[in-house]
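Here are the chains, one letter per residue:
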Amino acid sequence: MIYTLTFNPALDYAVYVPDYTTGKTNRSSREQLDFGGKGINVSYVLHQLGEPTVALGFVAGFTGQALCEMLERTGVSCDFVKLKSGLTRINVKIKCDDETEINAAGPEISADALEELYAKLDRISEGDVLLLSGSVPSSLPRNIYETILSRLQGRGIHFAIDAEGQLLLNVLKYRPLLIKPNRAELCGLAGRELTSDVDVESAARELQVLGARNVLVSLGGDGALLLDEQGSVHRACAVGGKPINTVGAGDSMVAGFLSGLGRGYDYALRLGLAAGGATACSPYLATREEIEQLMK
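So, here is what we can say about the structure in this document. Bear in mind the structure is a predicted one, so any value in this text is a computation, not a measurement. (Residues numbered from 1 in each chain as written. Predicted model: local features only at pLDDT ≥ 70, side-chain atom pairs only at ≥ 80, totals over all residues. Heavy atoms only, no water.)

1. Focus on the sheet that holds strand S7 (residues 89-95)
Next, step 1: With respect to topology, four strands assemble into an open sheet ordered S3-S2-S7-S8, the strand pairing being mixed. In this open sheet, the two edge strands, each paired with only one partner strand, are strand S3 (30-36) and strand S8 (100-102). Across the sheet, the mean angle from the axis of one strand to that of its neighbour is 20°, orientation sign disregarded. (Pairing = 2+ DSSP bridges. Helix = DSSP H or I, 4+ residues; strand = E, 2+ residues; numbered from the N terminus. Axes fitted to C-alpha atoms, helices over the stretch in contact; angles between N-to-C directions.)

This is the structure we're talking about:
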């Protein structure tokens with residue numbers, strides 16, 4: 001079973017306004033409402049690939065209920081902590097010549113609600129995978145990633161981490177099965193520009209020395225580089241046509257990689273790139289059929 005944890009899920013409300021002007025009344029040509037959150041995206045794509053998965057996190061109010069209902073309609077299993085007050089956030093995306101995003105703060109998470117989440121995490125079994133991804137809400141301790149991994153270490157649970165900066169560096173000591181920085185994030189972690197594959201490999205090895213088992217670096221249109229836990233490098237090109245939607249492409253890559261890992265590193269990398277490419281070429285997250293088409 002692959003569990004995903006999204007601390008601050010959202011409803012993403014996109015409004016398409018061809019001639020958007022600040023300070024005036026604007027009318028949209030169409031609107032679109034989708035569920036959002038990195039871990040939730042991963043669970044969706046895992047479900048498309050036939051992998052058993054459960055999405056964990058916090059929801060609140062009628063917007064949280066709507067999020068749960070949307071996930072249930074897609075077939076994704078969820079086991080959220082339902083907060084007693086507040087609302088699951090709605091992120092507004094104004095689509096015009098340039099995209100403008102307004103990301104809400106989200107509900108306050110109480111100490112009791114956090115204990116309820118810990119109880120759910122304690123039921124994860126040996127051999128299962130737990131993915132932690134995304135930012136930490138201001139109402140939670142900044143070291144929440146470390147607290148969770150420390151609590152679960154030694155139980156045979158595999159950790160996958162998709163986070164940035166110090167949030168990622170602080171948990172490498174728990175030897176996560178997978179981390180997935182993109183090129184810009186890896187540059188920030190390494191403290192230098194990484195222009196070649198040799199540069200990327202060198203920086204990935206530095207993270208491996210710190211504890212990461214497999215380092216999957218997404219390189220956008222240049223594909224991806226994988227440094228596996230045996231120290232071997234795998235390199236593959238991007239697949240798919242011209243990207244029309246990069247939101248969730250990295251999450252889709254994580255899902256594909258985790259789904260394919262049982263069939264070897266090369267296959268996992270290919271499936272990750274196919275899933276990421278399929279999402280990038282789709283209006284929303286990729287379907288199984290779209291991923292399988294690119295795998296060919």
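Once the structure has been displayed, the description carries forward.
2. Observations regarding helix H6 (residues 183-190)
Next, step 1: Among all positions in H6, only Glu185, Leu186, Cys187, Leu189 and Ala190 are buried.
Next, step 2: For H6, the secondary structure elements touched by its buried residues are helix H5 (165-169), helix H7 (197-209) and strand S12 (214-218).
Next, step 3: Two to three positions downstream of the cap, the backbone nitrogen of Ala184 sits 3.1 Å from a side-chain oxygen, assigning the N-cap of H6 to Asn182. (Buried < 20%, exposed > 50% of the residue type's maximum accessible area, 1.4 Å probe, protein only. Contact = heavy atoms within 4.5 Å. Polar contact = N/O pair within 3.5 Å; in protein donor to acceptor, adjacent residues only side chain to side chain.)

3. Brief notes about the environment of Thr100
Next, step 1: Position of Thr100 relative to the elements: it lies in strand S8.
Next, step 2: Thr100 sits in the partly exposed class, given a relative accessible area of 34%.
Next, step 3: Put simply, Thr100 and Gly36 are 64 residues apart on the chain and 16 Å apart in space, counted from C-alpha to C-alpha.
Next, step 4: Aside from chain neighbours lying at most four places away, what touches Thr100 is Val92, Lys93 and Ile94.

4. Some remarks on the packing of aromatic side chains
Next, step 1: The tally for this structure, following the rule as stated, stands at four aromatic pairs.
Next, step 2: With a centroid separation of 5.9 Å and 40° between ring planes, the pair formed by Phe7 and Tyr145 is classed as tilted. Of this pair, Phe7 sits in the loop between strand S1 (2-6) and strand S2 (10-16) while Tyr145 sits in helix H4 (residues 144-152); the two residues are 138 residues apart in sequence, bridging distant segments of the chain. The same class applies to Phe7 and to Tyr145, which are both buried.
Next, step 3: A centroid spacing of 5.8 Å and a plane angle of 75° characterise the contact between Phe35 and Tyr284, whose relative ring orientation is edge-to-face. Highlighted residues: Phe35 in strand S3 and Tyr284 in the loop between helix H9 (265-280) and helix H10 (288-295), separated in sequence by 249 residues.
Next, step 4: With relative accessibility at 4%, the residue Phe35 sits in the buried group.
Next, step 5: Residue class for Tyr284 comes out partly exposed when judged on its relative accessible area of 23%.
Next, step 6: Ring pairing ties together the aromatic residues Phe35, Tyr44 and Tyr284, which thus form one cluster. (Phe/Tyr/Trp six-rings, centres within 6.5 Å; stacked < 30°, edge-to-face > 60°.)

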